Amino acid sequence: MKISLYQVVAITGSALLMASGALRFSQSGSPKELLISILYFFANLIIFCF
């Protein structure tokens, strides 16, 4: 599987979104923040990598 530059950027961006969601979850204690960040991560993987 060949990886393009935009896929690397998408995965990096997704990881940052997930990290920020985890950080907001640790501050607010709201599981919704964590769930949203995980959904964003998987959505970006599906859109950009498949």
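Placed above this text is the structure.
Residues numbered from 1 in each chain as written. Predicted model: local features only at pLDDT ≥ 70, side-chain atom pairs only at ≥ 80, totals over all residues. Heavy atoms only, no water.

**Student:** I'd like to hear about the overall build of the protein chain, residue by residue, with values.
**Tutor:** Each helix and strand counted, the protein chain has 2 helices and 0 strands in total. The dimensions of the protein chain, computed from C-alpha atoms along their principal axes, are 40 × 15 × 10 Å. A buried classification covers 16% of the 50 residues belonging to the protein chain. When the accessible surface of the protein chain is split by element, carbon and sulfur atoms take 76% of a total near 3800 Å². (Helix = DSSP H or I, 4+ residues; strand = E, 2+ residues; numbered from the N terminus. Buried < 20%, exposed > 50% of the residue type's maximum accessible area, 1.4 Å probe, protein only. Areas by Shrake-Rupley, 256 points an atom, 1.4 Å probe, with all protein chains shown as cover.)

**Student:** I'd love a proper account of the environment of I36, names of residues and values included.
**Tutor:** Tracing the backbone shows I36 in helix α2 (residues 31-49). Here I36 falls in the partly exposed class, since its relative accessible area comes to 35%. Spatially, the C-alpha atoms of I36 and F50 are 21 Å apart, while their sequence positions differ by 14 residues.

**Student:** Run through the environment of R24, naming residues and quoting values.
**Tutor:** In this structure, R24 sits in helix α1 (residues 5-28). When its relative accessible area of 38% is taken as the criterion, R24 is described as partly exposed. Along the primary structure R24 and S37 are separated by 13 residues, whereas in three dimensions their C-alpha atoms are 9.8 Å apart. In this structure, R24 is in contact with G29 and E33, ignoring residues within four places of it in sequence. (Contact = heavy atoms within 4.5 Å.)

**Student:** Go over α1 with me, naming the residues and quoting the values.
**Tutor:** With 24 residues, α1 extends 34 Å between its outermost C-alpha atoms, agreeing within 8% with the 34 Å of an ideal straight helix rising 1.5 Å per residue. Among all positions in α1, only Q7, A10, S14 and G21 are buried. Positive phi shows up at G29, right after α1, with a value of about 75°. (Expected span 1.5 Å × (residues − 1).)

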